[in-house]
Amino acid sequence: MTETTEAASEVLTIRNLSVSYSQGLGRPRLRAVHDVDITVGRGETVSIVGESGSGKSTIGGAILGLTPVDSGSIRLYGEEIAGVTGKGRRALSARLQAVFQDPFSSLDPARTVRDSVAEPLRAETGLTPAQVRERVDEVLRRVGVDPALASRYPSAFSGGQRQRLSIARALVRRPQLVVCDEAVSALDVSVQAQVLNLLDELQTEAGTSYVFISHNMAVVRHISDRIVVLYHGRIMEEGPAEDVADRPAHPYTRSLLAAVPVPEVNAQRARRLARTAATVRTEFAPVGGVGCPFAPRCPLAEARCVESTPPLVEFAPGRKSACVRIEDSLAAGHEEGVALTTLKVAAS
Ligand SMILES: Nc1ncnc2c1ncn2[C@@H]1O[C@H](COP(=O)(O)OP(=O)(O)O)[C@@H](O)[C@H]1O
Ligand SMILES: [Mg+2]
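Residues numbered from 1 in each chain as written. Chains lettered and ligands numbered in written order. Predicted model: local features only at pLDDT ≥ 70, side-chain atom pairs only at ≥ 80, totals over all residues.

## Observations concerning the overall build of the protein chain
Selection criterion: A helix here means a DSSP run of H or I that spans at least four residues, while a strand means a run of E at least two residues long, and both kinds are numbered starting from the N terminus. Contacts here follow a simple rule: the backbone-placed C-beta atoms of the two residues must lie within 7 Å.
Check the secondary structure of the protein chain and you find 13 helices and 12 strands. The long-range fraction of contacts in the protein chain, counting pairs at least 24 apart against all pairs at least 6 apart in sequence, stands at 65%.

Following this line, the structure appears as structure tokens:
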């Protein structure tokens, strides 16, 4: 432990993380993630939700060492891993793994499933071929794939099965933390639910922690302990999953919920809410990076929203929001009845 105040149960501790990208010569760098704090405990799932481009994968990439960070700290069981590359990063692969949207990024189409799933074990010295075989068979059974099929190639499997195979590959070394980046987004809704249930079961068995990245609140609602809502690289709101999904505190979270696919009975209301959020009021555009990034799209925006950047404030135990109109926002949400439960979402 680098810090004695850090609870032993903290698997991942991200503090003041900022990441930017070059946009080419003569153009300012794009700030993709601003000063983000995220903590994940043992056996916990923390989801990062937000629209496309909000910076979710950038955070995932920073954790996985795929994206260089500007500043801040990322600790795995107290050990600093931000910016760790090369040999140090390879050594982390026993403890930290990922599942992405496209299984072909982890399953080489030219290799058998057994080869791909066994690949992370190569770094583990002292395993005999028979032990490797046993470990692969065991993890395949755990994800619900018959080991007898392991001599086949990924193309012989359905999308849902391929995602089970990527999960097997990620779990074969029994990592402490798995970053799931849009891991079920490409799957049909019924298959999504199966894969989410599988992830949940595997977590219960092994105490694995997940950082679960998704643009869809309905997907994360049931598997998350906590949800962090990201917009323009800033945390807008966070809290226990059921609170964020059912009693959203930030106007941005409400607009995200309104975008969740809903049955026809609620579609009209959802469309009305989505329209409100789609109206852009340029007078509330943050200038020079100062101000609430959501203000131009926010039905509650007023001058003070862009005078300074609203800080993320704890307004109730474990609940944070970066809205200066928190009371009005909660009241408006209550009135609109925007919540996953009231929208009766079909997914997940
Ligand atoms: N390699 C890159 N180079 C330049 N800009 C990038 C790069 N990757 C992502 N971005 C930009 O950073 C922002 C956040 O992207 P990303 O983290 O992929 O968002 P999300 O996963 O939420 O869709 C977006 O504006 C995106 O265009
Ligand atoms: Mg992404």
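## Focus: the nonpolar core
The cut-off we apply is this: Defined on buried residues, the nonpolar core groups Ala, Val, Leu, Ile, Met, Phe, Trp, Tyr and Cys residues joined through C-beta atoms within 7 Å. Partly exposed residues are those falling between the two cut-offs: more than 12 but fewer than 20 other C-beta atoms within 10 Å of their own, whereas 20 or more means buried and 12 or fewer means exposed, with C-beta atoms placed from the backbone. The split into domains, and so the bounds of each, comes from an automatic or database assignment of domains.
The biggest cluster of nonpolar side chains holds 87 residues, and the ones touching the most others in it are L17, V117, A168, V211 and V229. Residue assignment places this core across two domains, with domain 1 (106-174) and domain 2 (249-343) each supplying three or more. Among residues more than four places away in sequence, those in contact with A168 are V117, V139, L140, V143 and V145.

## Some points on the site of ligand 1
We count it as follows: Here is the check we use: build the C-beta atom from the backbone, and if it is within 6 Å of the molecule or strand, call the residue near. Put simply, Ala, Val, Leu, Ile, Met, Phe, Trp, Tyr, Cys and Pro go in the nonpolar bin, Asp, Glu, Lys and Arg in the charged bin, and everything else, Gly too, in the polar bin.
Close contacts around ligand 1 come from Y21, L30, A32, G50, S52, G53, S54, G55, K56, S57 and T58, and that covers them all. When residues in the shell around ligand 1 are grouped by element, the largest group, three residues, is from helix α1 (residues 56-64). Residue composition of the shell around ligand 1, grouped by class: three nonpolar, seven polar and one charged.

## Topic: the environment of P311
Counting through the fold element by element, P311 comes out in the loop between α11 (304-307) and β11 (313-316). With 10 C-beta atoms counted inside 10 Å, the residue P311 sits in the exposed group.

## Regarding the pairing of strand β6 (residues 96-100)
Within a regular strand, the side chains alternate between the two sheet faces. Using the following cut-off: Here, a strand pair is defined by DSSP locating no fewer than two bridges between the strands.
With five of its five residues buried, β6 lies for the most part within the structure. Along β6, one buried face is formed by L96, A98 and F100 and the opposite face, lined by Q97 and V99, is buried too. Sheet topology note: the β6/strand β7 (residues 177-181) ladder contains five bridges and is parallel. Note that in β7 the partner of Q97 across the bridge is V178.

## A few points about helix α6 (residues 189-206)
Put simply, the test is: For a helix, the expected span equals 1.5 Å multiplied by the residue count minus one.
Between the first and last C-alpha of α6 there are 26 Å, a value that for 18 residues agrees with the 26 Å anticipated at 1.5 Å per step. At its buried positions, α6 is contacted by α4 (129-142), α5 (159-171), β8 (209-214) and α7 (217-220). Downstream of α6 by one or two residues, G207 has phi in the positive range, about 70°.

## Comments concerning the sheet that holds β6
Worth spelling out the cut-off: For helices, the axis comes from a line fit to the C-alpha atoms of the stretch in contact; other axes are also lines fit to C-alpha atoms, and the angle between any two N-to-C directions lies between 0 and 180 degrees.
One open sheet accounts for eight strands, arranged β6-β7-β8-β3-β9-β10-β12-β11; its pairing is mixed. The sheet is open, and its two borders are formed by β6 and β11, each paired with just one other strand. Pairs of neighbouring strands in the sheet enclose a mean axial angle of 20°, with direction left out of account.

## Side note on α1
Most of α1 sits inside the fold, with nine of its nine residues counted as buried. By the burial criterion, the buried members of α1 are K56, S57, T58, I59, G60, G61, A62, I63 and L64. Just downstream of α1, G65 is the residue with a positive phi angle, here 75°.

## A look at the environment of R174
Mapping R174 onto the fold places it in the loop between α5 and β7. Residues R174 and L96 lie 78 residues apart in sequence; the distance between their C-alpha atoms is 9.0 Å.

## So, the sheet that holds strand β4 (residues 71-76)
Strand order in the open sheet made by the four strands is β2-β1-β4-β5, with antiparallel pairing throughout. Two strands close off the open sheet at either side, each with one partner strand: β2 (30-41) and β5 (79-80). Relative to β5, β4 runs antiparallel, the two being bridged by two bridges. Within β5, the position partnered with R75 by the bridge is E80.

## What about the pairing of β7?
We apply this condition: Convention used here: a crossover is right-handed provided that the path from the first strand, over the helix, to the second strand proceeds clockwise when the strands point away from the viewer.
Burial runs high along β7: five of the five residues are buried. The side-chain alternation of β7 yields two buried faces, one formed by L177, V179 and D181 and the other by V178 and C180. Following the chain from β7 across α6 to the adjacent parallel β8, one finds a crossover that is right-handed.

## Things to note about the confidence of the model for the protein chain
The line we're drawing: Each residue carries a pLDDT score, the predictor's own confidence in it, on a scale running from 0 to 100.
Mean pLDDT over the protein chain stands at 89; residues scoring 70 or higher make up 89%. Low pLDDT, under 50, characterises residues 342-348; the predicted model gives this stretch 26 contacts beyond four residues in sequence or across chains.

## Points about the environment of G144
Relative to the helices and strands, G144 resides in the loop between α4 and α5. Counting along the chain gives 20 residues from G144 to R164, while the straight-line C-alpha distance between them is 7.5 Å. Among residues more than four places away in sequence, those in contact with G144 are R164 and L198.

## A word on the packing of α5 against α6
We apply this condition: Roughly parallel means an angle under 35 degrees; roughly antiparallel, over 145; roughly perpendicular, 65 to 115; everything else is oblique. Whether a crossing is left-handed or right-handed is set by the direction in which the near helix is turned from the far one by less than a right angle, anticlockwise for left-handed and clockwise for right-handed.
Look at α5 against α6: their axes get within 10 Å of each other, and the N-to-C directions meet at 20°. In terms of orientation, α5 lies roughly parallel with respect to α6. Viewed along their axes, α5 and α6 form a crossing whose handedness is right-handed. Across from G159, G160, Q163, R164, I167 and L171 in α5, the residues of α6 making contact are V191, Q194, V195, L198, L199 and L202.

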